Every structure is written in C-alpha cells, then in structure tokens.
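# Coordinates in review
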Amino acid sequence: MVTYDTYITATQVCELIEKIDALGLIIPITLVLDNARYQKCKFVEELALSLSIELLYLPSCSPNLNLIERLWKLVKKKCLYGKYYENFSDFSSAI
C-alpha cells in the first residue's frame, strides 16, 4: 500500500507498481486504473511494461465500474456535505 494525503502524481503510481513488483509474485498481475492523466502517462506505462505488469484502464465515464467513485459518494454524503472542520486532523478523523 502507498498512502499520501496530498496530490497523487505519476511518481506515486510508479512507487505503487514497484512495491507490487517487489512482492515477487509469479502470477500475472493486472492493475485496474481509471483514466487519470497521472496514471495513463508514458512514464507509468513504460515502468509497468518493463516489470510485466498489465495496466487495464476503466472506460471513461463509468463511475459504476470504479469502486473509488462509490466510496467518494459515501464520503461526501456522510463527511462532507454541510460539515465544517476546524482543522485537517478533524477532517482526517471524520473520513
């Protein structure tokens, strides 16, 4: 797992791919990603190809297939709509 509480870039995606590769799995690996620009860049695709990790991109405009979209919907409903957090630690705790 790779965790960040700031912006995600291609560098962090590559870090995740490298950590998965370091597990030494001997089965084929397919990562399912959405179409975020930082996930679909040449830098990420070349690293995955060099490590024999397949990248499978979800179709555009398919929130029903993207599990993180369902999670965001729940988070927005339960933690964000109509709520004010005094500081980031309170916000993080609520999430």
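For the structure itself, consult the block above.
Residues numbered from 1 in each chain as written. Predicted model: local features only at pLDDT ≥ 70, side-chain atom pairs only at ≥ 80, totals over all residues. Heavy atoms only, no water.

### Structural notes on the packing of aromatic side chains
The test is simple: Only Phe, Tyr and Trp rings take part, Trp by its six-membered ring, and two of them pair if their centres are within 6.5 Å. Stacked means planes under 30 degrees apart, edge-to-face means over 60, and tilted covers everything else. Classification of residues uses two cut-offs on accessible area relative to the type maximum, computed with a 1.4 Å probe and protein chains only: under 20% is buried, over 50% is exposed, and between them is partly exposed. Counting from the N terminus, the helices are DSSP H or I runs at least four residues long and the strands are E runs at least two residues long. Charge over a ring is defined by NZ of Lys or CZ of Arg lying within 6 Å of the ring centre and within 35 degrees of the ring normal.
In this structure the tally under the stated criterion is two aromatic pairs. On the numbers, 5.8 Å between centres and 70° between planes, the contact of Y85 with F91 is edge-to-face. Judged by relative accessible area, which is 22%, Y85 ranks as partly exposed. Pairing F88 with F91 gives two aromatic rings, centres 5.9 Å apart and planes at 40°, and the pair type is tilted. With F88 and F91 both in helix α4 (residues 88–94) and three residues apart, this pair spans about one turn of that helix. By relative accessible area, F88 is classed as partly exposed at 48%. When the ring centre of Y57 is taken as origin, the NZ or CZ atom of K40, which lies over that ring, is 5.0 Å away.

### A short note on the side chain of Q12
Worth spelling out the cut-off: Here a residue-residue contact requires only that any non-hydrogen atoms of the pair lie within 4.5 Å.
Among the secondary structure elements, Q12 is positioned in helix α1 (residues 10–22). Residues in contact with Q12, not counting those within four places in the same chain, are V2, Y4 and Y7.

### With respect to the environment of N35
In plain terms, the rule: Polar contacts, as counted here, are pairs of nitrogen or oxygen atoms within 3.5 Å of one another; within protein the pair requires one atom able to donate a hydrogen and one able to accept it, and residues that are adjacent in sequence qualify only if both atoms are side-chain atoms.
With respect to the helices and strands, N35 occurs in the loop between β1 (29–33) and α2 (42–50). A residue is classified by how much of its surface remains accessible, and N35, at 27% relative accessible area, is partly exposed. A sequence separation of 36 residues divides N35 from L71, and the C-alpha atoms of the two residues are 17 Å apart. Beyond its immediate sequence surroundings of up to four residues, N35 is in contact with K40, Y57, L58, P59 and S60. Among the polar contacts listed, one links the side chain of N35 to the backbone oxygen of L58, at a separation of 2.6 Å.

### Things to note about the layout of surface pockets
To be explicit about the condition: Cavities and pockets were defined on a 1 Å grid built from protein atoms only: a cavity is a group of points that admits a 1.4 Å probe but offers it no way out, a pocket is an open group of points flanked by protein on both sides within 12 Å along at least five of seven lines, and a lining residue is one with an atom within 4 Å of any such point. Grid points are joined across faces, edges and corners, and a volume is the space filled by probe spheres set on the points. Any residue that is not Ala, Val, Leu, Ile, Met, Phe, Trp, Tyr, Cys, Pro, Asp, Glu, Lys or Arg is counted as polar, Gly included; the first ten are nonpolar and the last four charged.
Estimates place the volume of the largest pocket at around 1,100 Å³. Lining the largest pocket are 30 residues, with Y4, I8, Y38, I68 and W72 positioned closest to its centre. At the level of elements, α1, β1, α3 (67–80) and α4 are the ones that each hand at least two residues to the lining of the largest pocket. Residue composition of the lining of the largest pocket, grouped by class: 21 nonpolar, six polar and three charged.

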